[in-house]
Amino acid sequence: MDDRTLIRLLRRDPDAGLRAALQGYGPLVKAILMRVLPRDPREVEEGMADTFVALWRRAAELERDRTPVRPWLAVTARHIAIDRYRALRRQNTLSLDDGLGETLADLNAFDRLGSEAEVLAGALVAGMDQPDREIFLRKYYLLQPTKEIAAALNMTVSAVNTRLSRGRDRLRRQLEEKGVHRHV
């Protein structure tokens, strides 16, 4: 189902729309949540619910702005997961894993942009050529460690880091060209 059809279905028949969204995007959202919240299935379930409720609530805005659903859901799921992780950490029930801590620090640059710019950044990432798109999606949306990305794509860690650095620079320039003046 294409994005426009899904959004219209969400607005016309929320139950059917949410079922369709879960069927089409549930595995992506769950994978993102599980990268951040691997020890707590209840938190993953709550994060899934929060992500898809947010999609339903923002359907009119997404339709008006012609926002691609997949990147929007990935960004939203990531934020929900990070917020839940931080809340759990404040309750001292989780310790910060070094790799996740490093990735969360990387994500702070994107977090400072604001939701409209994040959606734009997601759309720009979705438009990247391979393997850069996959590297960015794995690193910033699925929160995979660079070493894991390199192994999955049969690349060196250095090559992945170089592509991430160049991709961030390219993304920063594109965002500035689109009128986003904060720095990534």
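Residues numbered from 1 in each chain as written. Predicted model: local features only at pLDDT ≥ 70, side-chain atom pairs only at ≥ 80, totals over all residues. Heavy atoms only, no water.

Time to look at the packing of helix 1 (residues 3-12) against helix 2 (residues 14-36). Contact geometry for helix 1 and helix 2: axes closest at 6 Å, N-to-C directions at 145°. Remark: the crossing between helix 1 and helix 2 carries left-handed chirality. Of helix 2, the residues touching helix 1 (which contributes Asp3, Leu6, Leu9, Leu10 and Arg12) are Pro14, Ala16, Gly17, Leu18, Ala20, Ala21 and Tyr25. Residue composition of the contact of helix 1 with helix 2, grouped by class: nine nonpolar, one polar and two charged. (Axes fitted to C-alpha atoms, helices over the stretch in contact; angles between N-to-C directions. Helix = DSSP H or I, 4+ residues; strand = E, 2+ residues; numbered from the N terminus. Left-handed = near helix turned anticlockwise from the far one by under 90°. Contact = heavy atoms within 4.5 Å. Nonpolar A, V, L, I, M, F, W, Y, C, P; charged D, E, K, R; others polar.)

This part takes up the pattern of salt bridges. Applying the stated criterion across every chain yields a total of 11 salt bridges. Between glutamate 63 and arginine 11 there is a salt bridge whose closest N-O contact spans 2.5 Å. Taken together, the residues glutamate 63 in helix 4 (residues 59-65) and arginine 11 in helix 1 connect sequence positions 52 residues apart. When the shortest N-O distance is used, the salt bridge between arginine 84 and glutamate 46 registers 3.9 Å. Of the two residues, arginine 84 is situated in helix 5 (residues 69-90) and glutamate 46 in helix 3 (residues 41-57); the sequence distance between them amounts to 38 residues. Look at glutamate 46 and you get partly exposed, because its relative accessible area is 43%. Members of the salt-bridge network, linked through shared partners, are Glu43, Glu46, Asp50 and Arg84. (Salt bridge = Lys/Arg side-chain N within 4 Å of Asp/Glu carboxyl O. Buried < 20%, exposed > 50% of the residue type's maximum accessible area, 1.4 Å probe, protein only.)

A few words on helix 1. Of the positions making up helix 1, those classed as buried are Leu6, Ile7, Leu9 and Leu10. Around the axis of helix 1, the buried residues are gathered within 160° of arc, so they sit on the same side. For helix 1, the side-chain oxygen to backbone nitrogen distance between the N-cap and arginine 4 is 3.0 Å, and the N-cap itself is aspartate 2. (Arc of directions from axis to C-beta. Polar contact = N/O pair within 3.5 Å; in protein donor to acceptor, adjacent residues only side chain to side chain.)

Next up on the list: the confidence of the model for the protein. Overall, the predicted model of the protein reaches an average pLDDT of 79, with 78% of residues at or above 70. With pLDDT under 50 throughout, residues 93-113 is counted as low confidence; its partners more than four residues away or in other chains account for 44 contacts. (pLDDT = per-residue confidence, 0-100.)

To continue, consider the nonpolar core. Within the largest apolar cluster, 28 residues are counted, with the highest numbers of intra-cluster contacts made by Phe52, Leu55 and Leu73. If you list the elements that add at least two residues to this core, you get helix 1, helix 2, helix 3, helix 4 and helix 5. For this core, the element with the highest residue contribution is helix 5, accounting for nine residues. When sequence neighbours within four positions are dropped, the list of residues in contact with phenylalanine 52 reads Leu18, Ala21, Leu22, Tyr25, Gly26, Val29 and Leu73. Grouped together as the second largest cluster of nonpolar side chains are 13 residues, Ile135, Phe136, Tyr140 and Ala150 included. (Core = buried A, V, L, I, M, F, W, Y, C linked by side-chain atoms within 4.5 Å.)

A rise of 1.5 Å per residue sets the reference length of helix 3, with its 17 residues, at 24 Å; its end C-alpha atoms lie 24 Å apart and thus fit the reference within 8%. Taken residue by residue, helix 3 has Glu43, Val44, Gly47, Met48, Thr51, Phe52, Ala54 and Leu55 as its buried positions. The buried residues of helix 3 all sit within an arc of 160° when viewed along its axis, so they share a single face. Residues of helix 3 that are exposed and point over 90 degrees away from its buried face: Arg42, Glu45 and Arg57. (Expected span 1.5 Å × (residues − 1).)

For the bond from glutamine 130 to proline 131, the omega torsion is 5°, close enough to zero to count as cis. In this fold, proline 131 is placed in the loop between helix 7 (115-126) and helix 8 (132-141). The phi torsion at arginine 66 lies on the positive side, around 55°, for a residue other than glycine. Residues other than glycine seldom take positive phi values, yet asparagine 154 does so here, at roughly 55°. The exposed category is assigned to asparagine 154, whose relative accessible area is 75%.

This part is about the side chain of threonine 51. Tracing the backbone through its elements, the reader meets threonine 51 in helix 3. The exposure class of threonine 51 is buried, given its relative accessible area of 0%. When neighbours within four sequence positions are excluded, threonine 51 is seen to be in contact with Val29, Trp72, Leu73, Thr76, Ala77 and Ile80.

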